[in-house]
Amino acid sequence: MKAFITRRKSLLVAASAVLALSLSACGGGGSSTTPPVASASFDAGTTMEKLNKAQKITIGTKFDQPLFGQKGLDGKPVGFDVEMGKAIAAKLGIPADKIEWVETVSQNRESFIEQGRVDLVIATYTINDARKEKVAFAGPYYEAGQALLVNKDDNSITKPEDVKGKKVCSVTGSTPAKTIAEKYGAEVVPAATYTACLEPLRNKQVVAVTTDNVILAGYVDKEPDAFKLASDQTFTKEPYGIGLKKDDTVFRGWINDQLEGFAKDGTYKKAWEATAGKVIKTTPELPAINRY
Amino acid sequence: MDAVIASLPQYWDGFLRTLYLSVISGIIALIVGTILAAMRVSPVAALRGFSTFYVEVARNTPLTIIFFFAAIVLPRLGVKFEQFEVAAIIALSSYTAAFIAEAVRSGVNSVPVGQAEAARSIGMTFIQVLGFIVLPQAVRTVIPPLINILIALVKNSSVAGAFFVLELFGYGRQLSNDYGDQVLWILLGVAFFYLLITVPLGLLAHFVERKVAIAR
């Protein structure tokens, strides 16, 4: 435990040094978002030490979520979640090309962690109590939330109050559909999927599409000339966490330390600007870490 | 089961919308279908050609694709409507009309050709022959297949649930989202409300068939 504390201290020193460096180098603007690999040493028996020794980490992410985790033409996923994964791997002393990326979808994230098929899951993974019974969450590292997607030339809608009494498309029976109807008085046009909402929006049969800003930002990324987010602000909060084995408290605490470090040394901002920041221009603050 | 009872208001709303879609589309389809059948047996080649083309295209295209055209392609071409129900009615009636046309045509063909010839010989026009002599006889033989088509129409209206119309099936999906643990009951409830429309239709078919059956 003593070694652990001193390591944390030395990390703090390192972090402030990096901060000072980045401040002095302000305006330089590096193109690479991947942080340098740290030469780290860890306490014996910890997951960090095991991964560092193996020089290999398996991270589950989405392969189909633009801006967060999307598989590119070279077979490697790109996005904000992926950048977070690379940054954590770098702190473990593992270079980005040693990371094995595994596709996790919403239905298999818990089981992949429980079976040990992945070391971490960073996949637009909302923290909730039901999931906490099966896995542990480091973070949150980002707070997503409900937002509105509108036509690019429509400046009349900037906040949810603006859609009162107007037609808004969302998935039948989904939570965002209920929120926009019950809290903001919109007339919900029910669709089977969110992509099905895009055509009515294009045809101006509805004024907006509503769901998580992350999903909507993906549509803007694909068609920046057709759509935009009504606002960078969200009107609900969905904390995204990094999923790992339920009983691995040491690893969880360590990742939380790293996340706070990323916020301080600018890694977080850089990762955001290179990925999701292309659509959601306002760089978010790292939410308060929940150490439970 | 309690989920179904708790959701009765939604079921009722969905039921009324399904009924509304079916009745309006059914009436339009019957009218358009009969006109198409008349064109199909008319002496004008262009009308026959058009009708044949329409029927073959409409009944051989999956309904979902017709819905897609009505709900999404038409608005892009400038045909705007306030409610998505309009798109559903356009899609359902244009699809069903093709089947009705075929049923009515087969009924017309079942009327002995001598009937039409006799009518022509006393100077009736084509419209008169069809309206007074052939169709009244044809209708009796086509009532059972027509009701079959209408039953199919009621069930086909569930496709509208995927195209922004909150009818029975749309509510079924919404409710299964709300009561994830009772999906089976929710869907059985949906099926029950469909049966509430289709079973009486089937009984009606049986009754009418016995009533108007004629010995040939």
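**Observations regarding the overall build of chain B**
For step 1, the next point in the chain: The secondary structure content of chain B amounts to 9 helices and 0 strands.
For step 2, the next point in the chain: In chain B, the succession of helices and strands from N to C terminus is α-α-α-α-α-α-α-α-α.
For step 3, the next point in the chain: Counting only C-alpha atoms, chain B reaches 70 × 45 × 25 Å along its principal axes.
For step 4, the next point in the chain: Expressed as a percentage of the 216 residues in chain B, the buried residues total 38%.
For step 5, the next point in the chain: Nonlocal contacts in chain B, meaning residues at least 24 apart in sequence, comprise 77% of its contacts between residues at least 6 apart.

**As for the sheet that holds strand E10 (residues 187–191) of chain A**
Residues and elements named next belong to chain A.
For step 1, the next point in the chain: Taken together, 5 strands build an open sheet; the order of strands is E10-E9-E11-E8-E12 and the sheet is mixed. In this open sheet, the two strands that pair with only one neighbour each are E10 and strand E12 (227–229). Averaged over all pairs of adjacent strands, the angle between their axes in this sheet comes to 35 degrees, without regard to strand direction.
For step 2, the next point in the chain: Taken together, the 2 bridges between strand E9 (residues 167–171) and strand E11 (residues 208–212) define a ladder with parallel strand orientation. The partner of Cys 169 across the bridge, within E11, is Val 209.

**What to know about unusual backbone geometry**
For step 1, the next point in the chain: Pro 140 of chain A follows Gly 139 of chain A through a cis peptide bond whose omega is 10 degrees.
For step 2, the next point in the chain: Structurally, Pro 140 of chain A can be placed in strand E7 (residues 135–144).
For step 3, the next point in the chain: Positive phi, normally seen in glycine, also occurs at Gln 55 of chain A, with a value near 55 degrees.
For step 4, the next point in the chain: Along the chain, Gln 55 of chain A turns up in the loop between helix H2 (47–54) and strand E1 (57–61).
For step 5, the next point in the chain: The phi angle at Phe 164 of chain B is positive, at roughly 70 degrees, despite the residue not being glycine.
For step 6, the next point in the chain: Examined against the element boundaries, Phe 164 of chain B turns out to sit in the loop between helix H7 (126–156) and helix H8 (168–178).
For step 7, the next point in the chain: Among the residues examined, Phe 164 of chain B registers 29 C-beta atoms within 10 Å and is labelled buried.

**Quick look at the interface of chain B and chain A**
For step 1, the next point in the chain: Contact residues are listed per partner, giving 12 residues for chain B and 11 residues for chain A.
For step 2, the next point in the chain: Put simply, the parts of the chain that give the side of chain B that touches chain A at least two residues each are helix H4 (63–76) and H8 of chain B.
For step 3, the next point in the chain: Of the residues forming the side of chain B that touches chain A, the biggest block, 5 residues, is contributed by H8 of chain B.

**Quick look at the pairing of strand E8 (residues 146–151) of chain A**
Residue and element names in this part refer to chain A.
For step 1, the next point in the chain: Most of E8 is tucked away: 5 of the 6 residues are buried.
For step 2, the next point in the chain: With 4 bridges connecting them, E8 and E11 associate as antiparallel partners. Across the sheet, Leu 148 pairs through a bridge with Thr 210, a residue of E11.
For step 3, the next point in the chain: Note that E8 and E12 share 3 bridges and pair antiparallel. Opposite Asn 151, over in E12, you have Phe 227 as the bridge partner.

**Remarks on the confidence of the model for chain A**
Residues and elements named next belong to chain A.
For step 1, the next point in the chain: Chain-level statistics for chain A give a pLDDT mean of 85 and a share of 86% at 70 or above.
For step 2, the next point in the chain: No element of chain A has a lower mean pLDDT than helix H1 (residues 2–24), at 50, and none a higher one than E8, at 94.
For step 3, the next point in the chain: In the model, residues 18–32 has pLDDT below 50 throughout and makes 5 contacts with residues more than four positions away in sequence or in other chains.

**Considering the nonpolar core**
The tendency in soluble globular proteins is for nonpolar side chains to be buried as a group.
For step 1, the next point in the chain: Leu 149, Val 168, Ala 208 and Val 209 of chain A together with Ala 88 and Phe 163 of chain B are the most contacted members of the largest nonpolar core, which has 132 residues in total.
For step 2, the next point in the chain: When residues of this core are assigned to their parent elements, the largest contribution, 16 residues, is made by helix H5 (residues 84–110) of chain B.

**Describing the pairing of E9 of chain A**
Within a regular strand, side chains alternate between the sheet's two faces.
Residues and elements named next belong to chain A.
For step 1, the next point in the chain: Of all 5 residues that make up E9, 5 are buried, and the element is covered over most of its length.
For step 2, the next point in the chain: Both E9 and E10 contribute to a ladder of 5 bridges, which runs parallel. By the bridge assignment for E10, Cys 169 is matched with Val 189.
For step 3, the next point in the chain: Remark: the E9/helix H6 (residues 175–182)/E10 crossover connection has right-handed handedness.

**Describing helix H10 (residues 267–274) of chain A**
For step 1, the next point in the chain: Thr 267, Tyr 268, Lys 270, Ala 271 and Trp 272 of chain A are the residues of H10 of chain A that are buried.
For step 2, the next point in the chain: If you follow the buried residues of H10 of chain A, they end up packed against helix H3 (80–91) and helix H9 (249–265) of chain A.

**With respect to the sheet that holds strand E4 (residues 77–78) of chain A**
All names here are of chain A.
For step 1, the next point in the chain: Read from one edge to the other, the open sheet built from 3 strands follows the order E2-E3-E4, with strand pairing classed as antiparallel. The open sheet has two free edges, formed respectively by strand E2 (64–65) and E4, since each of these has just one partner strand.
For step 2, the next point in the chain: Sheet topology places E2 next to strand E3 (residues 69–71); 2 bridges connect them, and they run antiparallel. Looking at E3, one finds that Gln 65 is bridged to Gly 69.

**Observations concerning H2 of chain A**
All names here are of chain A.
For step 1, the next point in the chain: Taken together, the buried positions of H2 are occupied by Thr 47, Met 48, Leu 51 and Asn 52. In an axial view of H2, the angular spread of the buried residues amounts to 130 degrees, which keeps them on one side of the axis. Turned more than 90 degrees from where H2 packs its buried face, Lys 53 and Ala 54 sit exposed.

**Thoughts on the confidence of the model for chain B**
For step 1, the next point in the chain: Overall, the predicted model of chain B reaches an average pLDDT of 91, with 98% of residues at or above 70.
For step 2, the next point in the chain: For this predicted complex, the interface confidence reaches an ipTM of 0.72, while the overall pTM sits at 0.73.

**Some thoughts on the packing of helix H2 (residues 8–40) of chain B against H5 of chain B**
Residue and element names in this part refer to chain B.
For step 1, the next point in the chain: The interhelical angle for the contact between H2 and H5, taken along N-to-C directions, is 40 degrees, at an axis separation of 6 Å. Accordingly, the angle class assigned to the pair H2 and H5 is oblique. Regarding H2 and H5, the two cross each other, and that crossing is right-handed. Where H2 approaches H5, its residues Leu 21, Ile 24, Ser 25, Ile 28, Ala 29, Leu 30, Val 32, Gly 33, Thr 34, Leu 36, Ala 37 and Arg 40 are matched on the opposing element by Glu 85, Ala 88, Ile 89, Leu 92, Ser 93, Thr 96, Ala 97, Ile 100, Ala 101, Val 104, Arg 105 and Val 108.
For step 2, the next point in the chain: Considering only residue class, the contact of H2 with H5 consists of 16 nonpolar, 5 polar and 3 charged.

**A few points about the packing of H3 of chain A against H10 of chain A**
Residues and elements named next belong to chain A.
For step 1, the next point in the chain: Running from N to C, H3 and H10 point in directions that differ by 145 degrees, and their axes come no closer than 9 Å. As H3 packs across H10, the resulting crossing turns out to be right-handed. Counting all contacts with H3, which are made through Phe 80, Glu 83, Met 84 and Ala 87, the residues of H10 involved are Thr 267, Ala 271, Trp 272 and Ala 274.
For step 2, the next point in the chain: Here the residues of the contact of H3 with H10 sort into 6 nonpolar, 1 polar and 1 charged.

Procedures and definitions
- Residues numbered from 1 in each chain as written.
- Chains lettered and ligands numbered in written order.
- Predicted model: local features only at pLDDT ≥ 70, side-chain atom pairs only at ≥ 80, totals over all residues.
- Helix = DSSP H or I, 4+ residues; strand = E, 2+ residues; numbered from the N terminus.
- Buried ≥ 20, exposed ≤ 12 C-beta atoms within 10 Å, placed from the backbone.
- Contact = placed C-beta atoms within 7 Å.
- Pairing = 2+ DSSP bridges.
- Axes fitted to C-alpha atoms, helices over the stretch in contact; angles between N-to-C directions.
- pLDDT = per-residue confidence, 0-100.
- Core = buried A, V, L, I, M, F, W, Y, C linked by C-beta atoms within 7 Å.
- Right-handed = clockwise from strand over helix to strand, strands pointing away.
- Arc of directions from axis to C-beta.
- Parallel < 35°, antiparallel > 145°, perpendicular 65-115°, else oblique.
- Left-handed = near helix turned anticlockwise from the far one by under 90°.
- Nonpolar A, V, L, I, M, F, W, Y, C, P; charged D, E, K, R; others polar.

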